[in-house]
Amino acid sequence: MKQKAERLLVFSFVGTILFFALLFFILPHQRFSELENRYLQATPHVTWDNVVSKKYAEEAERFVTDHFPFRDKWLGVKSIVEQSRLQQENNNIYKGKDGYLFDKFTKPDERQLQQDIDAVQQFALNHPKVNMTFMLAPTSIGLYPERLPWLAPVYPQKKVNQWIEKQLHNDVTFINGFDFLAPHTNEAIYYRTDHHWTTYGAYLAYVAFAQQKGWQPLAQSDFKIETVSDSFLGSYHTRSQFTGVAPDQIQAYIPRKQVETEMYIADSNETFTTMYNKSFLTKKDQYSYFLGGVHALMKLTTKLNPQQMDQQKLLIIKDSYAHNVIPFLTNHIAEIHVIDLRYYNGNITEYMAENGIEDVLFLFNTTTFVEDTAILKINK
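Just so it is clear, the structure is predicted and the values come from calculations on it, not from any experiment. (Residues numbered from 1 in each chain as written. Predicted model: local features only at pLDDT ≥ 70, side-chain atom pairs only at ≥ 80, totals over all residues. Heavy atoms only, no water.)

Student: So what's going on with the sheet that holds strand E13 (residues 311–318)? Which residues, and what values?
Tutor: By way of backbone hydrogen bonds, the strands of a sheet pair with one another, either parallel or antiparallel. In spatial order, the strands read E7-E6-E15-E13-E14-E12-E10-E11; together these 8 strands make up an open sheet with mixed pairing. Strands at the two margins of the open sheet, each flanked by one partner only, are strand E7 (173–176) and strand E11 (270–272). Across the sheet, the mean angle separating the axes of adjacent strands is 20° when strand polarity is ignored. Pairing of strand E6 (residues 131–137) with strand E15 (residues 359–365) involves 7 bridges; the strand directions are parallel. Bridge pairing in E15 places Leu136 opposite Phe364. Strand contacts of helix H7 (residues 157–168): E6 and E7, with the helix running at about 170° to E7, the strand carrying the most contacts. (Pairing = 2+ DSSP bridges. Helix = DSSP H or I, 4+ residues; strand = E, 2+ residues; numbered from the N terminus. Axes fitted to C-alpha atoms, helices over the stretch in contact; angles between N-to-C directions. Contact = heavy atoms within 4.5 Å.)

Student: Any details on the sheet that holds strand E4 (residues 93–95)? Residues and values, ideally.
Tutor: Pairing in this open sheet of 3 strands is antiparallel, and the strands run E3-E4-E5 from one edge to the other. A single partner strand is all that each edge strand has here, and the edge strands are strand E3 (89–90) and strand E5 (101–103). Here E3 pairs with E4 via 2 bridges, running antiparallel. From the neighbouring strand, Glu89 faces E4, where its bridge partner is Tyr94.

Student: Please give an account of unusual backbone geometry that cites residues and values.
Tutor: With a phi angle near 55°, Asn269 is a residue other than glycine that sits in the positive phi range. Mapping Asn269 onto the fold places it in the loop between strand E10 (261–265) and E11. The exposed category is assigned to Asn269, whose relative accessible area is 57%. For Leu291, which is not glycine, the phi dihedral falls at a positive 65°. Within the secondary structure, Leu291 is located in the loop between E11 and strand E12 (297–302). For Leu291, a relative accessible area of 1% puts it in the buried group. (Buried < 20%, exposed > 50% of the residue type's maximum accessible area, 1.4 Å probe, protein only.)

Student: Residue-level account of helix H5 (residues 110–126), with values.
Tutor: The terminal C-alpha atoms of H5, which comprises 17 residues, lie 24 Å apart, in line with the 24 Å expected from a rise of 1.5 Å per residue. Residues of H5 that are buried include every one of Gln112, Leu113, Asp116, Ile117, Ala119, Val120, Phe123 and Ala124, and no others. Seen along its axis, H5 keeps its buried residues to an arc of 145°; they face one direction. Opposite the buried face of H5, at more than 90 degrees from it, the exposed residues are Glu110, Arg111 and Leu125. Of the residues flanking the start of H5, the one acting as N-cap is Asp109, its side-chain oxygen 3.0 Å from the backbone nitrogen of Arg111. (Expected span 1.5 Å × (residues − 1). Arc of directions from axis to C-beta. Polar contact = N/O pair within 3.5 Å; in protein donor to acceptor, adjacent residues only side chain to side chain.)

Student: So what's going on with the environment of Val160? Which residues, and what values?
Tutor: Following the sequence through the fold, Val160 ends up in helix H7. By relative accessible area, which is 4% here, Val160 ends up buried. Distance from Val160 to Leu113, taken between C-alpha atoms, is 9.8 Å for residues 47 residues apart in sequence. Non-local contacts of Val160, meaning those with residues more than four positions away in its chain, are made with Phe105, Pro108, Leu113, Tyr155, Thr366 and Val370.

Student: Describe the nonpolar core, naming the residues involved and giving the relevant values.
Tutor: One finds Phe134, Ile164, Trp197, Leu329, Phe362 and Phe369 to be the most contacted residues of the largest nonpolar core, which totals 95 residues. Among the elements that line this core, the one with the most residues is helix H9 (residues 199–213), at 10 residues. Not counting the four nearest positions on each side in its chain, Phe369 is found in contact with Leu113, Asp116, Ile117, Val120, Phe134, Leu136, Ile164, Phe364 and Ile375. Of all hydrophobic cores here, the second largest spans 5 residues; its members include Ile93, Tyr236, Phe242 and Val245. (Core = buried A, V, L, I, M, F, W, Y, C linked by side-chain atoms within 4.5 Å.)

Student: An account of the packing of H5 against H7 is needed here, citing residue identities and associated values.
Tutor: The N-to-C vectors of H5 and H7 enclose an angle of 35°; their axes lie 10 Å apart at closest approach. Between H5 and H7 lies a crossing of right-handed hand. The segment H5 lies against H7, with Leu113, Gln114, Ile117, Val120 and Gln121 engaging Val160, Trp163, Ile164, Gln167 and Leu168. A breakdown of the residues in the contact of H5 with H7 according to their chemical character gives 7 nonpolar, 3 polar and no charged. (Left-handed = near helix turned anticlockwise from the far one by under 90°. Nonpolar A, V, L, I, M, F, W, Y, C, P; charged D, E, K, R; others polar.)

Printed below as a string of structure tokens:
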């Protein structure tokens, strides 16, 4: 009897594995996860370099994990189980105080971080006549460690920003996000459920950049501040699936003296007369209301009077923290080029030469800069 039970257990186990393996190959693979609000791992390519560097093995593991059958359902079940055990962490997201969710931040890989910094330094060295500014913004965990669950481990982002600033300050003009955000920690400068700063946080970044450039930034009273959504549950909520989390509001700052801006998306060869896409306010990824989401290459052209214009052209090399900052900058700059290196594969030097660009702004959040290696493509 015992032997039959053991055989049944083995056959059941093997059968379950084969069943899910079959589903893995039969079911269609999604490119984008609405639940997790991110692009999933694409099919890895077998090359000699990828195999030797272990990149293929890492991508293959992520591919299987990302496309496991009914992944969305399993994430929901896992979250329910974790919360029933009174766990304050799920999928590397902490459930903190005051309704805040936080992404776990650990000590960066020093070797990788140094390579990223070297890439920026080399880019600056290759373009000695170009004015370069590097703005590095902490994520919410950097400014609110006291709101983390008790004994939750976290590596201080302030220390990381200071180290990067020390490395880069001789090569670019460095703006440390801690400097202009820290005085406003009692205000709503970050979404509680998402990894981005709010439009007010972006406004503070705009003011810091304008002051560094010697411009007169617009005051808050120069904008009509509209709440365009009060149902935003962002990326942290998506990943953690914590229940009982209050949604965020999304605000838009509309200049009282509006200027006409034309937004060209090179990826799709489309032109828009607005920087805001209201259709995303009815979707999961409401933050894509700003600029219509992530694009490899964009160009924003604004009709400014000569007395309004502080600068003719600017290239922004960025992550998505720039999306709600850029609309502020259109009040000062006639032509803004925007590149996201995670998706752009062109030659930046050639692009700058073709478009007569002499000013560059790097705008990243600390987590993206230390974890993503796309910045290494900047000198190709």
